[in-house]
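Chain by chain, the residues run as shown.
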Amino acid sequence: MLDPKYLERFSDQLLGIIDTLTIAIISDMAKRIVKMGSVSESTKHQAEVLQNAGLVYKDTIKRVSQVSGYQNREVERMYQEAGVRNLRNEAVYYKQAGKEDIKLNQSNGMQRILQANIRKTCQELDNLTMTTAVRSQSAYIQACNRAQMKVSSGAFSYDKAIADAIKEAAVQGTEVLYPSQHVDKLDVAVRRAVLTGVNQTAAEMNLQYAKDQNCDYVETTAHEGARPEHAVWQGKVFCLSGTDPKYENFYEATGYGTGPGLCGWNCRHNFHAFFPGISTPAYTQEMLDDYSAKNVEYNGKQFTEYEASQMQRSHERQIRETKRKLAGYNSAISEAKDDTLKNTLQNRFNEESVRLKKQEAALKAFCKETGRRYESARVQIHAVKNKAGDIVGFGRSVAQKAVWSNRKAKVNESKFTERLTDFNLGQKDLINHWSVQRNLNKSDIGKETMKYIVDHPEINIELAYHVDNPDKLYGKQWKDNIRIYASDTKTIEKTAETLIHEITHHRYDIGGSQWSECVCRAQELKHKYRRNTLTADELRSIIKEIKELYPELPWR
């Protein structure tokens, strides 16, 4: 099972790569438009446009080839990460029922499912990016022809017609054309492809898991902002075979296997194993009703989470379109030799810059008022180019590098909260991730803990609710996995302290001794007391406490 929150953000880094490809294609096209020069004779103009259109096509193919290797490696990384996470989550339900768990690296069947879908998605993305070359060529021809018509009519000056052509190319130049003739922006098409692909891969694994373990029931995940047609079946238990009259048929009720159904186009729902009489439903009807309620307030009006999500997407699309225009104008300014044209382009650039600031401010205000996530790894990716202008790698933007190296809390906090996942088997009142972050920020050891988590993406951190905890632990750490038993920590303060404790085990690779427990307990108390040192009496008290709690462990 893959959590809807994970599916919402797992492709950010890939989309950052696609955004840089888009900017590079538009920049190349803008330079070609400027190089076209002032042509009044229609026949000569058409000949030059067609010749340059061929160069635009070659430019785009070159850019695509420069990023395809990075793109495919990122796809493989995403699938491997999602595959491990999916089976790890699924194993919890099977262990509760006394069934055997399956690990990705130990199952040839699961590996075959994963590898087949990686190849399929890489091929699909290659096809999408290649169709962009054709659309870019077409956009260039249309933009240049309209510019020529505007100048010939006498209604527009040459410089304004060229500026309009660059704007038009920026808006239309990075589209993909499906066989159905449907047109989408490249980034939208890529996100849909990888979200659908990864989610369907997890679903195939889960069905294979259920078949291997003779499990005939599954429970769908649920999330706020679900499409109305998905909200009717989210968070419910279904029978796979359809033979149990107590439960609806899985395939018929959810539309699994169809584009508009469960795990179909752009769907963030998944499902996990369920054993009647053993498993506890993860969602109550009250929780499901709350998911679809109009409980998001904005500008004095109430909206559902789905409506709010669509409003945020609209803001984000406007910002990306403005950034594409800015990239086109900026590239054209550097290429323009005519002062009048350069000034016109600079004025357009300045206007779009003002518009961008207003759009970003509007989005931030919207997110702040509605409590939605604004920061994204997507906007931190930039292309690294050589002297010839070829893309040779990817990194963080200069601004983000400075923030990162200075360890500003704002970036660490947004990154930190993204690393926490909830594993909930029925509890309604959950510990807010941002509240944990705010608590950790109250001490130096808390800040160090957040920084360590952000810098070690291999660590999986889970806040578990209503799961078996026979040893009555607050938390545990094994390899790169950390589980906080949030139903037992209960408070934000205790949850933060427990996270510090378990991270200390991972950070120093210590465990299995009274000494290591003392070290971890000491770090907890530094946070609790908001100090960087403990007194001798406090240290002696820790040693006494640990010896009483863990008499079976050696000292070191």
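For the structure itself, look to the data block above.
We now turn to the structure provided with this report. Quick caveat, the model's predicted, so the values are computed rather than measured.

**Description of the overall build of the protein**
When helices and strands are tallied, the protein shows 19 helices and 14 strands. In the protein, of all internal contacts separated by at least 6 residues, the share reaching a separation of at least 24 is 68%. Carbon and sulfur atoms form 50% of the exposed surface of the protein, whose accessible area is close to 26,400 Å².

**Observations regarding a positive patch on the surface**
Residues Lys-31, Lys-35, Lys-337 and Lys-342 make up a contiguous surface patch of positive charge. The residue Lys-337 is located in the loop between helix H10 (305–335) and helix H11 (339–370) in this model. A relative accessible area of 70% places Lys-337 in the exposed class.

**What about the sheet that holds strand E14 (residues 481–485)?**
Strand order in the open sheet formed by four strands is E11-E12-E14-E13, with mixed pairing between adjacent strands. Both edges of this open sheet fall to strand E11 (420–424) and strand E13 (475–478), since each of them pairs with a single strand only. Each strand of the sheet is rotated relative to its neighbour by a mean of 20°, with strand direction disregarded. Summarising the sheet, E11 and strand E12 (residues 460–465) pair through five bridges and their orientation is parallel. Each bridged residue has a counterpart across the sheet, and for Phe-423 the counterpart in E12 is Ala-464. Across the face of the sheet, helix H17 (residues 492–508) comes into contact with E12, E13 and E14 while running at roughly 155° to E14.

**Re the environment of Thr-60**
With respect to the helices and strands, the residue Thr-60 is situated in helix H3 (residues 42–96). Distance from Thr-60 to Ser-136, taken between C-alpha atoms, is 7.5 Å for residues 76 residues apart in sequence. Excluding its chain neighbours within four sequence positions, the residues that come into contact with Thr-60 are Ile-25, Thr-132, Ala-133 and Ser-136.

**Considering the pattern of salt bridges**
Following the criterion strictly, the structure yields 26 salt bridges and no others. Residue Lys-494 pairs with Glu-524 through a salt bridge whose shortest N-O separation is 3.7 Å. Here Lys-494 is found in helix H17, whereas its partner Glu-524 is found in helix H18 (residues 514–529), with 30 residues between them in sequence. For the pair shown, Lys-494 and Glu-524 are each scored as buried.

**Considering the packing of aromatic side chains**
Within the structure shown, the criterion is met by 12 aromatic pairs. Ring centres of Tyr-6 and Phe-10 lie 5.9 Å apart, and the angle between their planes is 20°; this geometry places the pair in the stacked category. Accessibility assignment for this pair places Tyr-6 and Phe-10 in one class, buried. Taken together, a centroid distance of 4.8 Å and an interplanar angle of 75° make the contact between Tyr-298 and Phe-366 edge-to-face. Of this pair, Tyr-298 sits in strand E7 (residues 296–298) while Phe-366 sits in helix H11, and the two are 68 residues apart along the sequence. Comparing Tyr-298 with Phe-366, the two get one shared label, buried. Members of the aromatic cluster, connected to one another through ring pairs, are Phe-250, Tyr-251, Tyr-256 and Phe-271. If you follow Arg-73 out to its NZ or CZ, it ends over the ring of Tyr-70, 4.9 Å from the centre. The ring of Trp-515 carries Arg-556 above its face, with NZ or CZ at 3.7 Å from the centroid.

**Quick word on the pairing of strand E3 (residues 217–220)**
The alternating pattern of E3 places Tyr-217 and Glu-219 on one face and Val-218 and Thr-220 on the opposite face, and all of these are buried. Note that E3 and strand E4 (residues 237–239) share three bridges and pair antiparallel. The residue bridging Val-218 from the neighbouring strand is Phe-238, located in E4. Sheet analysis places E3 next to strand E6 (residues 271–273), joined by three bridges and oriented antiparallel. What sits directly across from Thr-220, in E6, is Phe-271.

**A look at the pairing of E11**
On a regular strand, each side chain points to the face opposite its neighbour's, so the side chains alternate between the two faces of the sheet. The buried count for E11 comes to five of five residues, which makes it a mostly enclosed element. Side chains of E11 alternate between two faces, with Leu-420, Asp-422 and Asn-424 and Thr-421 and Phe-423 buried alike.

**Some words on the packing of helix H2 (residues 12–35) against helix H5 (residues 158–172)**
Remark: H2 packs on H5, axes separated minimally by 10 Å, with the N-to-C direction vectors making an angle of 155°. Classed by the angle they form, the pair H2 and H5 counts as roughly antiparallel. Of the two possible hands of crossing, H2 and H5 adopt the one that is right-handed. Judged by residue contacts, Ile-26, Met-29, Ala-30, Ile-33 and Val-34 of H2 engage Tyr-158, Ile-162, Ala-165, Ile-166, Ala-169 and Ala-170 from H5. Of the residues contributing to the contact of H2 with H5, the split by class is 11 nonpolar, no polar and no charged.

**Brief notes about the side chain of Glu-538**
Note that Glu-538 resides in helix H19 (residues 536–549). Every residue in contact with Glu-538, bar those within four places of it in the chain, is listed here: Tyr-529 and Arg-531.

Reading the values: the criteria
- Residues numbered from 1 in each chain as written.
- Predicted model: local features only at pLDDT ≥ 70, side-chain atom pairs only at ≥ 80, totals over all residues.
- Heavy atoms only, no water.
- Helix = DSSP H or I, 4+ residues; strand = E, 2+ residues; numbered from the N terminus.
- Contact = heavy atoms within 4.5 Å.
- Areas by Shrake-Rupley, 256 points an atom, 1.4 Å probe, with all protein chains shown as cover.
- Patch = residues over 30% accessible without salt bridge, like charges linked within 9 Å, V, L, I, M, F, W, Y side chains within 5 Å.
- Salt bridge = Lys/Arg side-chain N within 4 Å of Asp/Glu carboxyl O.
- Lys, Arg positive; Asp, Glu negative; His and termini not counted.
- Charge placed at Lys NZ, Arg CZ, Asp CG, Glu CD.
- Buried < 20%, exposed > 50% of the residue type's maximum accessible area, 1.4 Å probe, protein only.
- Pairing = 2+ DSSP bridges.
- Axes fitted to C-alpha atoms, helices over the stretch in contact; angles between N-to-C directions.
- Phe/Tyr/Trp six-rings, centres within 6.5 Å; stacked < 30°, edge-to-face > 60°.
- Lys NZ or Arg CZ within 6 Å of the ring centre and 35° of its normal.
- Parallel < 35°, antiparallel > 145°, perpendicular 65-115°, else oblique.
- Left-handed = near helix turned anticlockwise from the far one by under 90°.
- Nonpolar A, V, L, I, M, F, W, Y, C, P; charged D, E, K, R; others polar.

That is the geometry; function is a separate question.
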